[in-house]
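Fold and geometry: a report
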Amino acid sequence: MPRRVVVTGVGLVSSLGVGTEKTWAGIKAGQNGISQIELFDPSRHDCRIAGEIKGFDPGDYVEKKEIKKMARFMHFAVAATDFALDMAKFKVDPDKAEDVGVYIGSGIGGFEVIEREHQSLLEKGPARVSPFFIPATIVNLGSGYVSIRTGAKGPNSATATACTTGAHAVGDSFRLIQHGYAEAMICGGAEAAITPLSVAGFAAMRALSTRNDDPAHACRPWDASRDGFVMGEGAGVLFLESLDHALARGANIVAEIVGYGMSGDAYHITSPSTDGDGPFRVMRNALKDAKLAPESIDYLNAHGTSTPLGDRIETTAIKRAFGEHVHKLAVSSTKSMTGHLLGGAGGLEAGISVLSIRDQIAPPTINHEVPGEGCDLDYVPNVARPMKIDYALSNSFGFGGTNGCLIFKRYEA
């Protein structure tokens, strides 16, 4: 019999604020986290806006001598872990360290380090490439550093499934606890891909918004004038425990995780099929795993990236998955405020979904003014909505047709 798994900690780092409650306050207030890029000179780029985290000091979370050995996404992963464990009031006991695992993924990893060290190679030669170059770029080193810093010796892994990374990390961790491979997991996603090459690459695909003169209104999921996604950065980390483990230590349970679905589109490297078959099946699979009827879901945190094709297809899939209940379903995209964290999105949005249950508030989709063609659901436009939320579902879809879906429940003893 699979064990019950609960969430006792949420750690968030985003362009709305460094810290769980800072990010959550910005979400509830419908604040905009998009601005002009300052991490590099974007003047030659078609896209010059992003959801940057301003004023982040890695020295607040990482020992000074370690900072330069790590990529920016690792700094975010460590910070988000600190916030999650602080909420959970948990510290790894050396005698029980094998019971606690780490599973934090990243879609791209240390991209800024790759660019920097490649430039060093070209300008100064092989001898000047940093000996920390390789460890600072590898995706699993987010998990690695968190494991080393916390002392967690249980399962240690990382996903790299594009924009579904964080959701897969949380879902896989749920499975590990369900089936007894760990008592607790530190899990989620982190990303820091606002770099010259990364932005140029996504822009070359015509995937990014070019509303450069109006960053506050650039990310507008489901709106008729949406023109692409806005890149964000940060991390979302959850602390999951078996119910017995949480109860034994008197933990405050924020929510329960009850469903996890996966699916593959088998269609195209970047575009979902026009009928939304992959997204439909991943929601169906999560509902089946949770043993829930579609009518049980109150709030859906959508993938909702603000791309012309993707938003419409996700709406089609939601309609197919929820049938008549879709007209009673609150759906929103918090990417409208944070930007799209790529591999970090699933972790961040899982955390937001948990907090939505905790505070009984559906986050808004800001900048939603004129509904786009085929986009006719209740997207909680512009203002957060207090409402009863017993079950929340979080969607994540990635390049290559990889999909993940998580379902959280208000905890009941």
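Use the structure listed above.
Worth saying up front: this structure is predicted, and the values here are computed from it rather than measured. (Residues numbered from 1 in each chain as written. Predicted model: local features only at pLDDT ≥ 70, side-chain atom pairs only at ≥ 80, totals over all residues. Heavy atoms only, no water.)

**Considering the overall build of the protein chain**
Rules: Strands here are runs of E lasting at least two residues and helices are runs of H or I lasting at least four, both read from the DSSP assignment and numbered beginning at the N terminus. Throughout, radius of gyration means the C-alpha value; the globule benchmark is 2.2 Å times the number of residues raised to the power 0.38. Whether a residue is buried, partly exposed or exposed follows from its accessible area with a 1.4 Å probe, protein chains only, as a fraction of its type maximum: under 20%, in between, or over 50%, in that order. The contact rule is simple, with two residues in contact once any of their heavy atoms fall within 4.5 Å. Working definition of accessibility: Shrake-Rupley area with a 1.4 Å probe, residue cover restricted to the visible protein chains. Note that His is not counted, nor are the chain ends; the positive residues are Lys and Arg, and the negative ones are Asp and Glu. Just so you know, the charge point we use is NZ for Lys, CZ for Arg, CG for Asp and CD for Glu.
Summing up its helical and strand segments, the protein chain has 13 helices and 15 strands in all. At 20 Å, the protein chain has a C-alpha radius of gyration in line with the 22 Å of a compact globule built from 413 residues. Principal-axis analysis of the C-alpha atoms places the extent of the protein chain at approximately 65 × 55 × 40 Å. Within the span of the protein chain, comprising 413 residues, buried residues form 62% of the whole. Counting only contacts in the protein chain whose residues sit at least 6 apart along the sequence, the fraction spanning at least 24 positions is 78%. Accessible surface, the protein chain as shown: approximately 16,000 Å² in total, 53% of it carbon and sulfur. In the protein chain, the 40 positive side-chain charges and the 47 negative ones have mean positions that sit 2 Å from each other.

**Digging into the side chain of T8**
The criterion, for reference: Any N or O atom pair separated by 3.5 Å or less is treated as a polar contact, with the protein-specific requirement of one donor-capable and one acceptor-capable atom, and with residues adjacent in sequence counted only for side-chain atom pairs.
Inspection of the secondary structure puts T8 in strand β1 (residues 5-14). Among the polar contacts made by the side chain of T8, one reaches the side chain of E241 at a distance of 2.6 Å. When sequence neighbours within four positions are dropped, the list of residues in contact with T8 reads M87, A88, F239, E241, A246, R249, A251, N252, I253 and V254.

**Description of the packing of helix α1 (residues 20-29) against helix α13 (residues 345-359)**
Defined as follows: Only C-alpha atoms enter the line fits that serve as axes; for helices the fit covers just the stretch in contact. Angles between N-to-C directions range over 0 to 180 degrees. Roughly parallel covers angles under 35 degrees, roughly antiparallel covers those over 145, roughly perpendicular covers 65 to 115, and oblique covers all other angles. Three residue categories are used. Nonpolar comprises Ala, Val, Leu, Ile, Met, Phe, Trp, Tyr, Cys and Pro, charged comprises Asp, Glu, Lys and Arg, and polar comprises the others, including Gly.
Where α1 contacts α13, the two axes come as close as 11 Å, and the packing angle between them is 75 degrees. Here α13 runs roughly perpendicular to α1, going by the angle between their axes. Contact residues: T20, E21, T23, W24, I27 and K28 in α1; L348, I352, L355, S356, R358 and D359 in α13. Taken together, the residues of the contact of α1 with α13 break down into 5 nonpolar, 3 polar and 4 charged.

**Structural notes on the pairing of strand β15 (residues 402-409)**
Note the following rule: At least two bridges found by DSSP between two strands is the condition for calling them paired.
Within β15, 8 of the 8 residues are buried, leaving the element largely enclosed by the surrounding structure. What you see with β15 is no split at all: T402, G404, L406 and F408 on one side and N403, C405, I407 and K409 on the other are buried throughout. Both strand β9 (residues 255-264) and β15 contribute to a ladder of 8 bridges, which runs antiparallel. In the strand pairing of β15, G264 is matched with T402.

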